[in-house]
Each structure stands twice: as C-alpha cells, then as structure tokens.
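The lines below spell out each chain.
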Amino acid sequence: MNKPVLVIMAAGMGSRYGGLKQLDPVGNHGQLIIDYSIYDARRAGFETVVFVIKPEIEEDFKRCIGDRVSKSMDVRYAYQLKEDLPEGYCVPEERRKPWGTAHAALAARNVVDGPFAVINADDYYGPEAFREIYGYLSAHADGDVYEYVMVGYLLKNTVTENGTVARGVCEETADNFLTRVTERTKIEKGEPPRYTEDDGQTWTKLPGDTIVSMNMWGFTRSFLDEAWARFPAFLDKALAENPAKAEYFLPTVVSQLIDEGKARVKVLRSEDKWYGVTYREDKPTVVSAIAEKTASGLYPDRLWEG
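Residues numbered from 1 in each chain as written. Predicted model: local features only at pLDDT ≥ 70, side-chain atom pairs only at ≥ 80, totals over all residues. Heavy atoms only, no water.

## A short note on the overall build of the chain
Counting its secondary structure elements, the chain contains 7 helices and 13 strands. With respect to the three principal axes, the spread of C-alpha positions in the chain is 50 × 45 × 45 Å. In the chain, buried positions account for 54% of the 306 residues. In the chain, of all internal contacts separated by at least 6 residues, the share reaching a separation of at least 24 is 76%. Total accessible area on the chain is roughly 13,700 Å²; 46% of this is exposed by carbon and sulfur atoms. (Helix = DSSP H or I, 4+ residues; strand = E, 2+ residues; numbered from the N terminus. Buried < 20%, exposed > 50% of the residue type's maximum accessible area, 1.4 Å probe, protein only. Contact = heavy atoms within 4.5 Å. Areas by Shrake-Rupley, 256 points an atom, 1.4 Å probe, with all protein chains shown as cover.)

Below you can see the structure in the form of structure tokens.
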C-alpha cells in the first residue's frame with residue numbers, strides 16, 4: 001500500500017476573513033497556520049503534501065509557503081477551477097466560485113493514487129490528530145467496504161467569539177463509526193453553542209461535547225472515484241435550484257456512501273482546541289496560542305530550520 005499523503009484545501013479566498021487568510025502569518029518568523037499543520041503531519045509520518053490552490057494565487061503561495069516546505073517534503077500542486085466539470089457540463093454565467101470541498105478534493109484526483117488525509121488550510125488541528133489519522137490510514141485498506149476515517153472535535157472547542165462558523169455535526173454508532181454528518185452553516189458560541197437555519201429568527205441549542213467535523217478526513221483512492229461519479233447528480237440539482245452558490249460538500253458524499261453501505265468511517269477524537277481565522281478578528285487569538293505552544297516546546301521557534 002502506498003504511504004498516505006496529505007491534501008490541503010487552500011483555494012478558498014476567505015470572504016468572511018477579508019483576504020487570503022491562508023497567507024497571513026501567525027508565527028514569530030512569518031509562519032502560517034498551514035506551516036504548523038504540515039510540520040505536525042511530517043513528524044506523524046507524512047512525506048508528501050498536495051496543495052489545492054487557485055492558479056491566480058500560485059506565485060504568492062509558493063513564495064509564502066510552498067517553496068519553504070519543499071525543502072522538507074515532496075510538494076505537489078493541484079488547481080481548483082470552477083470549469084473543472086464532467087463532460088457535457090458548463091459553468092453558469094452567474095457562478096463566481098468553485099463548487100465546494102468535495103470539488104476541492106477532486107482537484108487532486110490526478111496526483112493522488114493511494115490513501116490520503118485532507119484538511120483545511122486555515123485550521124489548526126494539533127499534533128495528536130495527525131498521528132492518529134496517519135496510523136489509521138497506514139493500517140487499513142479497503143475490503144468489503146471502503147475504509148475511511150475522520151478526526152472529530154468537541155463543538156465547544158471549535159467556535160469563535162467573532163461570529164458564526166460552519167461545522168459538520170456528526171452522529172455515530174456505539175463503536176464510533178459515523179452514521180451521518182449534517183452541515184450546520186451558522187453556529188455561534190454560547191453555553192451551550194447554538195445554530196440557526198433561518199438567519200437568526202430561531203435558534204437550536206447543541207451540547208458543547210457534540211462531535212463535529214473540521215474537515216480532517218482520511219480516505220482511500222476510492223473516495224475520489226466515487227465523488228467524481230456522483231458529481232453529475234449534484235450538478236443537475238445545483239444548476240436547477242441554485243447555480244450561483246450551491247456547494248458540493250465533502251461530508252455529503254461521505255453520508256451517501258454510508259447510507260448505501262459502501263463505506264464505513266471510523267471516528268477518532270481530539271480534545272485539542274481548534275484555532276483558525278474564520279474572521280480577521282480571530283487572528284490575535286491564534287497568534288497568542290501559537291506563541292504559547294512555541295514557548296512550551298511543542299514547536300521550534302523556526303519550524304523548518306535545523
């Protein structure tokens with residue numbers, strides 16, 4: 001079995017943040033959040049990283065992160081284009097952005113030929129999560145069903161003071177296999193946290209220890225083949241109902257495969273606190289947390305030297 005590779009979804013433009021948040025430094029020497037994820041992944045065993053980006057940010061991306069990481073890992077690039085569609089489909093005139101997280105993963109389909117983990121570029125996951133997911137991917141291959149894995153986080157550890165967040169709320173069996181992920185796109189901090197589906201007219205509370213997806217998934221190559229095969233059905237519905245904004249969510253494909261009995265997904269847990277820059281106001285909290293982790297010895301002051 002091929003060694004697992006790391007796929008990082010870094011094509012988002014950060015509309016709520018107000019800029020290219022993937023390239024905004026949080027460390028003492030210009031390190032980005034993505035630097036810490038890659039560093040944790042490398043010491044967990046990952047040797048190859050695939051960056052999914054947009055062509056228009058390629059030069060800045062390589063200058064800010066890619067060229068630096070390439071001295072320590074095998075770096076590959078894939079490009080998420082809204083025009084990357086199955087034969088017979090065209091981008092509607094009103095569409096301005098690509099088609100969501102499943103589409104981002106599909107951008108890597110020509111450079112990934114074995115097991116892979118996929119993460120967001122702008123989230124801090126912690127070293128334990130990378131060790132767990134690398135170990136699981138290294139030990140499990142597809143059998144009668146596809147063998148997938150995700151690392152779940154406690155909802156209370158993944159919210160921000162500065163607005164709402166989108167999270168995949170997970171349901172699982174007694175032996176910790178995923179049964180469903182439901183996307184909640186507007187969750188806000190509280191005791192307990194709560195979400196709305198009607199722009200704040202009504203709210204539903206969620207326990208703080210609810211397990212949520214932070215888009216840290218582990219798949220075999222089969223996932224890319226399945227997601228591509230299912231893409232036309234998504235497009236048919238999207239083009240009819242919401243051509244400008246419909247998104248092909250990665251957890252939606254996972255839920256379909258679970259419902260059909262074609263895949264099972266082991267839910268691993270992390271009690272680490274999430275850090276991310278959903279909003280520009282989040283940055284000081286992330287900078288402070290990284291400084292504390294560096295001072296404690298979890299990370300060297302200069303990640304890629306020595």
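Text resumes after the structure shown.
## With respect to the packing of helix H1 (residues 33–44) against helix H4 (residues 127–139)
The geometry of H1 relative to H4 is characterised by a closest axis approach of 8 Å and an angle of 45° between their N-to-C directions. It follows from the interaxial angle that H1 and H4 lie oblique. Pair H1 / H4 crosses with right-handed handedness. Packed against H1, whose contacting residues are Ser 37, Asp 40, Ala 41, Arg 43 and Ala 44, the element H4 presents Pro 127, Phe 130, Arg 131 and Tyr 134 at the interface. (Axes fitted to C-alpha atoms, helices over the stretch in contact; angles between N-to-C directions. Parallel < 35°, antiparallel > 145°, perpendicular 65-115°, else oblique. Left-handed = near helix turned anticlockwise from the far one by under 90°.)

## A closer look at the packing of aromatic side chains
Summed over all chains, the structure comprises 22 aromatic pairs. Considering the side-chain rings of Tyr 124 and Tyr 299, the 6.4 Å spacing of their centres and the 80° angle between planes classify their relative orientation as edge-to-face. With Tyr 124 in strand E5 (residues 123–124) and Tyr 299 in the segment after helix H7 (283–295), the pair connects residues that are 175 residues apart, well separated along the chain. Relative accessible area serves as the criterion here: at 2%, Tyr 299 is assigned to the buried category. On the basis of an interplanar angle of 10° and a centroid distance of 3.9 Å, the ring pair of Phe 219 and Phe 223 is categorised as stacked. For the pair Phe 219 and Phe 223, one class covers both residues: buried. Members of the aromatic cluster, connected to one another through ring pairs, are Tyr 36, Tyr 39, Tyr 124, Tyr 275, Tyr 299 and Trp 304. A cation sits over an aromatic face here: Arg 109 above Trp 228, 4.0 Å from the ring centre. For the cation-ring pair, Arg 167 lies above Trp 274, with the distance from its terminal atom to the ring centre recorded as 4.7 Å. (Phe/Tyr/Trp six-rings, centres within 6.5 Å; stacked < 30°, edge-to-face > 60°. Lys NZ or Arg CZ within 6 Å of the ring centre and 35° of its normal.)

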